[in-house]
Structure formats: C-alpha cells, structure tokens
Amino acid sequence: MAGIARVTNVSRDLLQKYVNQKNRQTPRQLKTKPKKKGKLTLECDKIWSFVKNKNNKIWIGLALDRDTREVVGFAVGDRSRKMARELWNSLAPVYRQCAVSYTDLWE
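Here the structure is a predicted model, which means the values were calculated and not measured.

Caption draft 1: Expanded view of the overall build of the protein. In terms of helices and strands, the protein carries 4 helices and 4 strands. Starting at the N terminus, the α and β elements of the protein follow one another as α-α-β-β-β-α-α-β. A burial count over the protein gives 23% of its 107 residues as buried. Contacts spanning at least 24 positions in sequence make up 46% of the contacts within the protein whose residues lie at least 6 apart. Carbon and sulfur atoms form 54% of the exposed surface of the protein, whose accessible area is close to 8400 Å².

Caption draft 2: Examining unusual backbone geometry more closely. Its identity as a non-glycine residue notwithstanding, Arg69 has a phi of 65°, on the positive side. Examined against the element boundaries, Arg69 turns out to sit in the loop between strand 2 (57–65) and strand 3 (71–77). Of note, Arg79 is a non-glycine position whose phi angle comes to about 60°, a positive value. Along the polypeptide, Arg79 turns up in the loop between strand 3 and helix 3 (81–90).

Caption draft 3: Quick look at the nonpolar core. Counting residues in hydrophobic clusters, the biggest one holds 13 residues, and the most contacted among them are Leu42, Ala63, Val72, Leu91, Val94 and Tyr95. Sorting the residues of this core by element identifies strand 1 (40–50), strand 2, strand 3, helix 3 and helix 4 (93–98) as the ones contributing at least two each. Broken down by element, the residue count for this core peaks at 3 residues, all from strand 1.

Caption draft 4: Expanded view of the pattern of salt bridges. In the structure shown here, the tally under the stated rule is 1 salt bridge. Ionic pairing is found between Glu43 and Arg69, a salt bridge with its closest N-O pair at 2.8 Å. Residue Glu43 is located in strand 1, and its partner Arg69 is located in the loop between strand 2 and strand 3; the two are separated by 26 residues in the primary sequence. With a relative accessible area of 47%, Arg69 lands in the partly exposed category.

Caption draft 5: Seen up close, a nonpolar patch on the surface. Among the surface-exposed residues, Ile47, Ile60 and Val76 lie close enough to one another that they form a single nonpolar patch of about 240 Å² accessible area. For Ile47, the position within the fold is in strand 1.

Caption draft 6: Quick peek at the environment of Val72. With respect to the secondary-structure elements, Val72 resides in strand 3. Exposure remark for Val72: the relative accessible area of 0% places this residue in the buried category. Separated by 18 residues in the primary sequence, Val72 and Ser90 place their C-alpha atoms 7.8 Å from one another.

Rules used throughout
- Residues numbered from 1 in each chain as written.
- Predicted model: local features only at pLDDT ≥ 70, side-chain atom pairs only at ≥ 80, totals over all residues.
- Heavy atoms only, no water.
- Helix = DSSP H or I, 4+ residues; strand = E, 2+ residues; numbered from the N terminus.
- Buried < 20%, exposed > 50% of the residue type's maximum accessible area, 1.4 Å probe, protein only.
- Contact = heavy atoms within 4.5 Å.
- Areas by Shrake-Rupley, 256 points an atom, 1.4 Å probe, with all protein chains shown as cover.
- Core = buried A, V, L, I, M, F, W, Y, C linked by side-chain atoms within 4.5 Å.
- Salt bridge = Lys/Arg side-chain N within 4 Å of Asp/Glu carboxyl O.
- Patch = residues over 30% accessible without salt bridge, like charges linked within 9 Å, V, L, I, M, F, W, Y side chains within 5 Å.

Here it is as structure tokens:
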C-alpha cells in the first residue's frame, strides 16, 4: 500500500479509505456463466501474503471451474473455518449442489 501511495502521490489514509470502500462494495458471490446441473469440477486452492508485517498473514481462497478455468468463488481471511465457510457461500448454488471439489494433490 505504501508503494502504491508513493507512486500515485496519494496519501496512504486516502488510499486505505478507497480500498476499504471498494471492498465493502464487492459482491461476495461472483457472477458466473450459466451452468447446467451435472458433472462440475472445482479446483480449490489458497495463497497468502502479509500485510504490514510478516506476523499478519492474509489468506485468499479461490475456487476455479476446472473445465472453463473461470474463478467461481473466493474468500479473504485468516485460514479459519470462517474463511472456508465464506468460500463455500461465495459459490453459485449450482456448484454447491453438483460440483466435486479438489484441493492439493487432486487427480
């Protein structure tokens, strides 16, 4: 954030307010292309980075449709059950009903 503020010549406080506002406006369920009920396969993975210091890890969970490579779900948090539930809730109902989900070492 500090680097972006420096390059854009915007104060960090103003930039932080803007980012927080956009975060609140972001829908938690992504719009996806219509899918028929049937065999759907998701690849789920997570990545992390730190904010301000290395003790403040932030995790991003992603769900991708294996066939279309479309990102169909996401969550940001602290790698807890709550974040996993947010990832689940971010999926369109057709994925929650019909998809098989794989994580690391999937086939």
